Amino acid sequence: MFYCQYLTGMGHLVRSTEIVRSLAEKFQVYFINGGPIVEGFKIPKNVESILLPSLWLEKGKFQISEGCQSVEQVKEIRKNQLINAFERIRPDCLITEFFPFGRHKLFFELLPLLEHVKSSSPETKIVSSIRDVIGRKTLNEESDIICKLINQYFDLILCHSDPSFQTFPDNFPRYQELKCEVKYTGFVAQSLAENLQKPSEQLDIDVDKPFIVASVGGGRLGYGLLETIIESGKILAHKIPHNIHIFTGPFMPDSQFFTLQKAAASEKNIKLKKYTSLLAEYMKQAELSISLTGYNTTMNILRTGVRSIVAPIGHYSQDNEQLIRTNKLEKLGIVEVVDPNYLESNHLAAKIIESLNHKKIDNYTKLFDLEGSQKTLNILEEFLGVSKVSTVNCQPSMINY
C-alpha cells in the first residue's frame, strides 16, 4: 500500500508511479493518490488506484476541488478512508512517500493511520520513501518530531539517491539517532518509451529544424521563466533556425496559461501546450532543455544527456531542494544556470546560443545509478522475505472515494 500526496507540483506523483510500476512486477500494489488528477497521466494498469478527495496547497493554504465540502470535512473523510482502505487491504508493507521528512500538514490523516497500523496490524512493515534532497528550511526545527516518528513507527527508509551525489546524512544530520536502516536505491529515472520508432511523428516535432524544449514541472512555479523564454524566442527567431516547445504544466493557473498563449500566438517558432506524458522523449530528441531542477526533470536530463539550462526555483521560499541540487549539477558541468531573480530575454537568448555550442552527452548512466525503481523492488523483496515470489495476477481497479 503506497501513499502518495503531491501538494504543489507533480514530481512526487511521477517518481512514485515509476516505483510502483516496478513493485507491481512482484507485488500486488495499491496506490493511494491524494493529489489533484492530472489529465493524461496514467497509473500502471496492474496497480489498483485509490483516489482520496484531492487536497493541494496554494500560498500555504489547503485547496479542495469544486463541489467538495469544506477543507475540514475533506480532512475527516480522507482520514477515515485511509483507515478503511488499510483494513480492506491489510498490506504486508505500507510506504509513505516523503513522510515524515515532509508532509507535516497531513498529520491529521497520517498519524491516525500509523497508529491504527501499529495497534491492529503490527506485522505490517512501514517504510518511508524519500527523494535525494529533502531541502526544507524547517527541517532542523522539525527534527525532534521526525526522529520520534521514525523510531516509533518506521522499519526502513528508502533514499532514492545515488550516494555519490547526495547522501542521507547530507539531508538529515541527526541520522545516527534513527533506529531503522537506510537503504540507497539509486535515482528513480523514467525509462524512455521503447515503442517510439518514429518519434518525430508521435512527438509533433519538425525534423528539419533543431528544437528546444522548455518545461516547469507541474506549473504552479516557473511562470516568469516561460515568459522570458517566449521573449527570448522572438530574439532567436532572427539569429538561429529552431523551434521551441513549451510545456507549462497541468497546474499552471488558467490566467497565466492564457497570457503565455497570447504572447506565443504570433511566433511561428514557438509551440505551447499544458502537458505531455512524453517529456523525457522530447528531451531526448531536443538540442536543448530549459527547465527548473525538480527531481524528475533532473532525472530526464541525466537519462537523456540533453544540453540543459536551468533556473532553481523554490516552493514559496520554504524549500532549498532545487537550489541544492542545481549547485551540485553545475559543479559537475551537467547544467548551465540562470539566476531566477535575473530573468532577462537578451541574457537568456545569449545563454541559449552559447549552450547550443556545447557538446551533447549520450547520457549520464555511467556517472550515476538511474535504476532506482528496480532497486527499490529488489530491496523490498529481500526486506519482506519474498525474493522468490512470482508476479501477482490481480484484477486492477480504481476506487474513487
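*Asks:* Help me out: how do you make sense of the environment of Pro91 in this one?
*Replies:* Inspection of the secondary structure assignment puts Pro91 in the loop between helix 2 (71-89) and strand 6 (93-97). Residue contacts for Pro91: discarding those within four places in its chain leaves Met1, Phe86 and Thr124.

*Asks:* Can you help me understand the pairing of strand 8 (residues 156-159) in this one?
*Replies:* The side chains of a regular strand alternate, first on one face of the sheet and then on the other. Neither face of strand 8 is left uncovered, since the one carrying Leu156 and Leu158 and the one carrying Ile157 and Cys159 both have all their residues buried. In this fold, the crossover linking strand 7 (residues 125-130) to strand 8 by way of helix 4 (residues 139-153) has right-handed handedness. Bridge analysis of strand 8 against strand 9 (residues 181-184) gives four bridges, and the strand direction is parallel. Bridged to Leu158 within strand 9 is Lys183.

*Asks:* Quick question: what am I supposed to make of the packing of aromatic side chains here?
*Replies:* Two descriptors summarise a pair of aromatic rings, namely the distance from one centre to the other and the angle between the planes of the rings. Applying the stated rule across the entire model yields 14 aromatic pairs. With centroids separated by 5.7 Å and ring planes inclined at 80°, the aromatic side chains of Phe187 and Phe368 adopt a geometry described as edge-to-face. A residue pair is termed long-range when its members are at least 10 positions apart, and Phe187 in the loop between strand 9 and helix 6 (199-202) and Phe368 in the loop between helix 12 (345-356) and helix 13 (372-384) qualify at 181 residues. The pair formed by Phe187 and Phe368 is uniform in burial state, with each residue classed as buried. Centroid distance Phe211 to Tyr282: 6.3 Å. Interplanar angle 90°. Geometry classified as edge-to-face. Pair noted here: Phe211 is in strand 10 (residues 211-215) and Tyr282 is in helix 9 (residues 279-285), with a separation of 71 residues, a long-range link.

*Asks:* Sorry, what's going on with the packing of helix 3 (residues 107-120) against helix 4 here?
*Replies:* Two quantities define a packed helix pair, namely the angle between the axes and the distance from one axis to the other. At a minimum axis distance of 11 Å, the contact between helix 3 and helix 4 shows a crossing angle of 30°. By the criterion of interaxial angle, the relationship of helix 3 to helix 4 is roughly parallel. Contacts between helix 3 and helix 4 involve Phe107, Leu111, Leu114, Glu115 and Lys118 from the former and Ile145, Leu149, Gln152 and Tyr153 from the latter. Here the residues of the contact of helix 3 with helix 4 sort into six nonpolar, one polar and two charged.

*Asks:* Honestly, the side chain of Lys351 in this entry has me stumped. Any pointers?
*Replies:* Looking at the secondary structure, you find Lys351 in helix 12. Residue Lys351 is classed as buried on the basis of its relative accessible area, which comes to 15%. Residue contacts for Lys351: discarding those within four places in its chain leaves Ile309, Glu336, Val337 and Val338.

*Asks:* Any chance you could explain helix 7 (residues 223-236) here in plain terms?
*Replies:* Side chains of residues three or four places apart in an α-helix project in the same direction, reflecting 3.6 residues per turn. Helix length check: helix 7, at 14 residues, gives a terminal C-alpha distance of 20 Å against a target of 20 Å (1.5 Å per residue), a fit within 8%. Taken together, the buried positions of helix 7 are occupied by Tyr223, Leu225, Leu226, Thr228, Ile229, Ile230, Ser232, Gly233 and Leu236. As for helix 7, its buried residues are in contact with strand 10, strand 11 (243-247), helix 8 (254-264), strand 12 (270-273), strand 13 (288-291) and helix 12.

*Asks:* Would you mind going over the confidence of the model for the protein chain with me for this structure?
*Replies:* Parts of the model with low pLDDT should not have their predicted coordinates read in detail. Averaged over every residue, the pLDDT of the protein chain is 91; residues scoring 70 or more account for 93%. A low-confidence stretch, residues 194-201 stays under pLDDT 50, and its non-local contacts, those more than four residues away or across chains, total eight contacts. Segment residues 388-401: pLDDT under 50, and 31 contacts once partners within four positions in sequence are set aside and those in other chains are kept.

*Asks:* It is not clear to me how the environment of Leu377 should be interpreted in this structure. Could you clarify?
*Replies:* Looking at the element boundaries, Leu377 is found in helix 13. Given a relative accessible area of 1%, Leu377 falls into the buried group. In this view, Leu377 contacts Ser22, Leu23, Glu25, Lys26 and Phe27; residues no more than four positions away in its chain are not counted.

*Asks:* Would you mind going over the pairing of strand 5 (residues 61-64) with me for this structure?
*Replies:* Relative to strand 5, strand 4 (residues 55-58) runs antiparallel, the two being bridged by four bridges. Pairing of Glu58 across the sheet is with Lys61, part of strand 5.

*Asks:* Please explain the sheet that holds strand 13 as it appears in this structure.
*Replies:* As a general point, the strands of a sheet are linked pairwise by backbone hydrogen bonds and lie either parallel or antiparallel. Taken in spatial order, the six strands make up an open sheet running 12-11-10-13-14-15, and their pairing is parallel. Here the strands that pair on one side only, and so sit at the sheet edges, are strand 12 and strand 15 (336-337). Sheet topology note: the strand 10/strand 11 ladder contains five bridges and is parallel. For Ile212, the partnering residue across the bridge sits in strand 11 and is Ile244.

*Asks:* Any chance you could explain unusual backbone geometry here in plain terms?
*Replies:* Working note: non-glycine residues mostly have negative phi, and peptide bonds are mostly trans. The residue after Phe99, namely Pro100, is reached through a cis peptide bond having omega 10°. Position of Pro100 relative to the elements: it lies in the loop between strand 6 and helix 3. Here the phi dihedral of Arg90 falls at roughly 50°; this positive angle occurs in a residue that is not glycine. Inspection of the secondary structure puts Arg90 in the loop between helix 2 and strand 6. With a relative accessible area of 35%, Arg90 lands in the partly exposed category.

*Asks:* Explanation requested: helix 13 in the structure shown.
*Replies:* In this model helix 13 runs 18 Å from its N-terminal to its C-terminal C-alpha over 13 residues, within 8% of the 18 Å that 1.5 Å per residue would give. Here helix 13 has its buried residues at Gly372, Ser373, Thr376, Leu377, Ile379, Leu380 and Glu381.

*Asks:* I keep staring at the side chain of Ser143 and nothing clicks. Help me out?
*Replies:* Positionally, Ser143 belongs in helix 4. We classify Ser143 as buried; its relative accessible area is 7%. The contact partners of Ser143, leaving out residues within four places of it in the chain, are Phe172 and Arg174.

*Asks:* Just checking my understanding: could you explain the state of the cysteines for this structure?
*Replies:* Inspection of every chain in the model, using the stated rule, returns zero disulfides. Not part of a disulfide, Cys180 finds its nearest cysteine sulfur in Cys147, a span of 10 Å.

*Asks:* Mind showing me how you'd approach the pattern of salt bridges here?
*Replies:* Pairs can form between side chains of opposite charge whenever their charged atoms are close. In the structure shown here, the tally under the stated rule is 22 salt bridges. In this structure, Arg174 and Asp144 form a salt bridge, with 2.5 Å as the shortest nitrogen-oxygen distance. Here Arg174, found in the loop between helix 5 (168-171) and strand 9, pairs with Asp144, found in helix 4; they are 30 residues apart in sequence, far enough to count as distant. Arg174 sits in the partly exposed class, given a relative accessible area of 24%. Residue Glu287 is joined to Arg307 by a salt bridge in which the shortest nitrogen-to-oxygen separation is 3.0 Å. Pair noted here: Glu287 is in the loop between helix 9 and strand 13 and Arg307 is in the loop between helix 10 (295-304) and strand 14 (308-310), with a separation of 20 residues, a long-range link. Arg307 gets classed as buried once you look at its relative accessible area, which sits at 14%. Through salt bridges that share partners, Arg131, Asp132, Glu321 and Arg325 make up one connected network.

About the thresholds
- Residues numbered from 1 in each chain as written.
- Predicted model: local features only at pLDDT ≥ 70, side-chain atom pairs only at ≥ 80, totals over all residues.
- Heavy atoms only, no water.
- Helix = DSSP H or I, 4+ residues; strand = E, 2+ residues; numbered from the N terminus.
- Contact = heavy atoms within 4.5 Å.
- Buried < 20%, exposed > 50% of the residue type's maximum accessible area, 1.4 Å probe, protein only.
- Right-handed = clockwise from strand over helix to strand, strands pointing away.
- Pairing = 2+ DSSP bridges.
- Phe/Tyr/Trp six-rings, centres within 6.5 Å; stacked < 30°, edge-to-face > 60°.
- Axes fitted to C-alpha atoms, helices over the stretch in contact; angles between N-to-C directions.
- Parallel < 35°, antiparallel > 145°, perpendicular 65-115°, else oblique.
- Nonpolar A, V, L, I, M, F, W, Y, C, P; charged D, E, K, R; others polar.
- Expected span 1.5 Å × (residues − 1).
- pLDDT = per-residue confidence, 0-100.
- Disulfide = S-S within 2.5 Å.
- Salt bridge = Lys/Arg side-chain N within 4 Å of Asp/Glu carboxyl O.

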